[in-house]
Amino acid sequence: MSDFILPFDFSEDDPGRSRGQLLLNEPLPYPIGNQGSGFYRPGRMILENQTSIDMVLYHNPATAQFIYTHTTKPNPHLLALTGLKPEEIQSIQTLTLPGQLIMGSQRSFLISQAIQAMLGSPIFQNLFTSQQQTQIAVFPIAREGLKYQVTEAIYANSGYLCDEVILDAHHVFDSNVPVFSRKVEMTLFKDKDLNKIQHENITVAFIADSIASGLVMREVINKIKERFPRIQWVEVIAPFATLRGLCRITECDGSENIHIRVHSFETLLNALPPDYYYSAHFNIPELHIRPDLERAYREWWGQDDAGNWIADTACAGYGWSEVFYSPRKQIEMINEQLTARHNLTITDILRRNLVASERAVALVEQAQADQG
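Report on the accompanying structure. Everything numeric in this text was worked out from a predicted model, so none of it was measured. (Residues numbered from 1 in each chain as written. Predicted model: local features only at pLDDT ≥ 70, side-chain atom pairs only at ≥ 80, totals over all residues. Heavy atoms only, no water.)

1. Section: the pairing of strand β8 (residues 136-142)
Counted only if it meets this: Each residue is placed in one exposure class: buried if its accessible area under a 1.4 Å probe, protein chains only, is under 20% of its type's maximum, exposed if it is over 50%, and partly exposed if it falls in between. The helix count covers DSSP runs of H or I at least four residues long, the strand count covers runs of E at least two residues long, and both are numbered beginning at the N terminus. Here a strand pair is declared whenever DSSP counts at least two bridges between the two strands. Looking down the strands as they point away from you, a crossover is right-handed if its path from the first strand over the helix to the second goes clockwise.
β8 sits mainly inside the fold: 6 of its 7 residues count as buried. Two strands pair when backbone bridges link them, and β8 and strand β12 (residues 204-208) are joined in this way by 5 bridges, in the parallel orientation. The partner of Val138 across the bridge, within β12, is Phe206. Bridge analysis of β8 against strand β9 (residues 163-164) gives 2 bridges, and the strand direction is parallel. Directly across from Val138, in β9, lies its bridge partner Glu164. In this fold, the crossover linking β8 to β9 by way of helix α6 (residues 150-158) has right-handed handedness.

Put into structure tokens, the structure is as follows:
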């Protein structure tokens, strides 16, 4: 795959600061131990005013399951949450599911594998060899960032034992904020936690959280810069990241004085109106390290009765942190959005995929019988 340039213009919120281009380089292979091999894809976002941040996309077996689809044995406990009945799956040996249905503890386990593989890339190995463990601090943002296990991934790939401080930063409704109707509320940086870290030593900050609007991440980066004056590098571990959200982060005050780099799974997402929180895949093959996986993902979601492709609005994260903590609520949020946008539920989509699978099996069995 050759280098790719994607121009963008988000004129509906702040046209003076939301024009620019995304540059993605050709994916590069690297070994990831017992997970086999993967790819990393360096890139950069450059805004019209020439401010920029670096980013890297990653593909490995775990990230692919997260972002696209995977084949698995039926889990009756999972499928019961979706509304399927036991008799509907009793003859099914395997089925294909999207990453949105990897939930709860299964999701926590998978994301730790994915991030450990990410941090084994040459990008991070070069960072670890140039920094001592006392120069690195990790800041997971509650609640989702707590599940990423970034300090564990750093230890697995470098042996470093780094300081970690949990941050509490989240959206609260505010109708006075244009477009997003949300402001960022932070109850973080408690002195008792920060006093454990030698501020003058920290030159690298790892921040862990996904990026939708980018409002939370922008504020957190700005606060960390205030409290840690020697910060040179900010490594944002964001499994899901939207193109629009990266614009907000590129706009961080004084970002030209530090090196911000965002690390995400597979591709960037399309933040959808009205609130730019629900974020679907772009139907742009060049944005995907593995376009074939995106094609299979789109086919799984299929079309609604009006002919609209559901993958164009199917949120990659839906409940974001809720998917880790409440699988039941995740299903409710999926159904709420599917019903509003397509007059369907996840049960409807699962059933038509089961029918398609059964037909495919029947065709194979018939072909084998004809040959025999």
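Now that the structure has been shown, we can carry on.
2. Describing the pairing of strand β3 (residues 28-31)
Consecutive residues of a regular strand have side chains that alternate between opposite faces of the sheet. Here 4 bridges tie β3 to strand β4 (residues 37-47), and the two strands are oriented antiparallel to one another. Looking at the pairing, Pro29 lines up with Phe39 of β4. Linking two consecutive strands that pair antiparallel, namely β3 and β4, is a turn of 5 residues; a positive phi of about 65° is found at Gly33 within it.

3. Overview of the packing of aromatic side chains
Two measures describe an aromatic ring pair: the distance that separates the ring centres and the angle between the ring planes. Heads up, the condition is: Only centres within 6.5 Å qualify two rings of Phe, Tyr or Trp (six-membered ring in Trp) as a pair; their planes then separate them into stacked at under 30 degrees, edge-to-face at over 60, and tilted for everything else.
Applying the stated rule across the entire model yields 11 aromatic pairs. Judged by centre distance (5.5 Å) and plane angle (70°), the rings of Phe139 and Phe228 are edge-to-face. Taken together, the residues Phe139 in strand β8 and Phe228 in the loop between α8 (215-227) and β13 (233-237) connect sequence positions 89 residues apart. By relative accessible area, Phe228 is classed as buried at 1%. Between Tyr297 and Trp301 the ring centres are 6.4 Å apart and the planes differ by 70°, which places this aromatic pair in the edge-to-face class. In this pair, Tyr297 and Trp301 both sit in helix α10 (residues 291-301), 4 residues apart, roughly one turn of the helix. Trp301 matches Tyr297 in its accessibility class, with the two residues each being buried. Here the aromatic residues Tyr58, Phe124, Phe128, Tyr160 and Phe206 are joined through ring pairs into a cluster of three or more.

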